[in-house]
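Fold and contact review
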Amino acid sequence: EGIRATVDLEMPGSKGSFDAMIAQAVKEGALPLETLDETVQRNVALSLLGVDVMERSIQVDLENHHDLARKVAMESVVLLRNIDNLLPLAKNTKVAVIGDFAKNPRYQGMGSSQVNPTKIDCAWDRMQEYTNEPIYAQGYNRVDTCE
């Protein structure tokens with residue numbers, strides 16, 4: 001059903017667990033070979049697009065790119081409730097930051113979502129710029145860190 005719905009990619013974590021089901025569906029006629037061919041063609045076209053981009057000499061202003069990504073992230077935050085107008089915090093408000101992600105941000109998942117960032121902003125670093133002596137507590141021990 002996924003292939004008919006044009007769900008063309010299988011995440012690597014499945015380790016090809018659907019391969020036999022797809023082959024069986026084609027063999028039994030439940031999945032037309034033409035539909036599978038179209039899926040393969042879309043995947044090959046996507047792969048070739050990546051090769052084309054890599055072969056071009058594209059210059060990227062990494063600092064401007066990072067600034068834009070940061071701006072988009074800030075403008076994407078949605079505040080559902082602001083009880084007693086707590087936010088925005090006044091400059092130098094005493095703040096506690098709890099949790100490992102504050103100092104070791106997770107900016108990706110694993111497997112096919114791994115990226116090589118050129119720069120990572122850290123909540124703890126930004127908080128130190130905003131307020132005097134923020135308080136930090138580990139809160140938990142995370143096994144996988146960015147470093």
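Quick note: structure is the one above.
Residues numbered from 1 in each chain as written. Predicted model: local features only at pLDDT ≥ 70, side-chain atom pairs only at ≥ 80, totals over all residues. Heavy atoms only, no water.

Some remarks on a nonpolar patch on the surface
A surface patch of nonpolar side chains, about 330 Å² in accessible area, is lined by Val40, Val44, Leu48 and Val51. Turning to its location among the elements, Val40 is positioned in helix H2 (residues 33–55). (Patch = residues over 30% accessible without salt bridge, like charges linked within 9 Å, V, L, I, M, F, W, Y side chains within 5 Å. Areas by Shrake-Rupley, 256 points an atom, 1.4 Å probe, with all protein chains shown as cover. Salt bridge = Lys/Arg side-chain N within 4 Å of Asp/Glu carboxyl O. Helix = DSSP H or I, 4+ residues; strand = E, 2+ residues; numbered from the N terminus.)

Focus on the packing of aromatic side chains
Going through the model one piece at a time under the given rule, you end up with two aromatic pairs. Seen in terms of ring centroids, Phe101 and Tyr140 are 6.3 Å apart; in terms of plane orientation they differ by 70°. Their pairing is edge-to-face. Residue Phe101 is found in the loop between strand S1 (96–98) and helix H4 (123–130), and its partner Tyr140 is found in the segment after strand S2 (135–137); the two are separated by 39 residues along the sequence. With a relative accessible area of 37%, Phe101 lands in the partly exposed category. Ring geometry for Trp124 and Tyr136: centres 5.4 Å apart, planes at 65°, overall edge-to-face. With Trp124 in helix H4 and Tyr136 in strand S2, the pair connects residues that are 12 residues apart, well separated along the chain. The aromatic ring of Trp124 is capped on one face by Lys103, whose charged end is 4.9 Å from the ring centroid. Above the plane of the ring of Tyr136 lies Lys103, whose end atom (NZ or CZ) is 4.0 Å from the centre. (Phe/Tyr/Trp six-rings, centres within 6.5 Å; stacked < 30°, edge-to-face > 60°. Buried < 20%, exposed > 50% of the residue type's maximum accessible area, 1.4 Å probe, protein only. Lys NZ or Arg CZ within 6 Å of the ring centre and 35° of its normal.)

Let's talk about the pattern of salt bridges
When the charged atoms of two side chains lie near each other, side chains of opposite charge can form a pair. Summed over all chains, the structure comprises seven salt bridges. Residue Glu1 pairs with Arg4 through a salt bridge whose shortest N-O separation is 2.8 Å. Judged by its relative accessible area of 75%, Glu1 is exposed. One continuous salt-bridge network, built from bridges that share partners, spans Arg70, Asp121, Arg126 and Glu129.

Some thoughts on the nonpolar core
Listed in full, the five residues of the largest apolar core are Val95, Val97, Ala102, Cys122 and Trp124. Excluding residues that lie within four positions of it along the chain, Cys122 makes contacts with Ala102, Lys103 and Pro105. (Core = buried A, V, L, I, M, F, W, Y, C linked by side-chain atoms within 4.5 Å. Contact = heavy atoms within 4.5 Å.)

Quick look at helix H3 (residues 62–76)
Under the 1.5 Å per step criterion, the end-to-end length of H3 is 21 Å for 15 residues, consistent within 8% with the ideal 21 Å. For H3, the N-terminal cap is Asp61; the gap from its side-chain oxygen to the backbone nitrogen of Glu63 is 3.2 Å. (Expected span 1.5 Å × (residues − 1). Polar contact = N/O pair within 3.5 Å; in protein donor to acceptor, adjacent residues only side chain to side chain.)

Some words on the side chain of Thr39
Here Thr39 shows up in helix H2. Relative accessible area serves as the criterion here: at 5%, Thr39 is assigned to the buried category. When residues no more than four places from it in sequence are discounted, the contact partners of Thr39 are Ile3 and Asp8.

Quick word on the layout of surface pockets
Taken as a whole, the largest pocket holds about 750 Å³ of empty space. Around the largest pocket, the lining comprises 21 residues; the ones closest to its centre are His66, Arg70, Ala73, Met74 and Asp121. Broken down by element, the lining of the largest pocket gets its largest block of residues, seven residues, from H3. Broken down by class, the residue content of the lining of the largest pocket amounts to 13 nonpolar, four polar and four charged. Within this model, the second largest pocket holds a volume of roughly 480 Å³. Forming the boundary of the second largest pocket are 19 residues, of which Gly2, Ile3, Val7, Phe18 and Ile22 lie nearest the centre. Counting only elements with at least two residues in the lining of the second largest pocket, the list comes to helix H1 (19–28) and H2. Grouping the amino acids of the lining of the second largest pocket by side-chain chemistry returns 11 nonpolar, three polar and five charged. (1 Å grid on protein atoms, 1.4 Å probe; cavity = no way out; pocket = protein on both sides within 12 Å on 5 of 7 lines; lining within 4 Å. Points joined across faces, edges and corners; volume = space filled by probe spheres on them. Nonpolar A, V, L, I, M, F, W, Y, C, P; charged D, E, K, R; others polar.)

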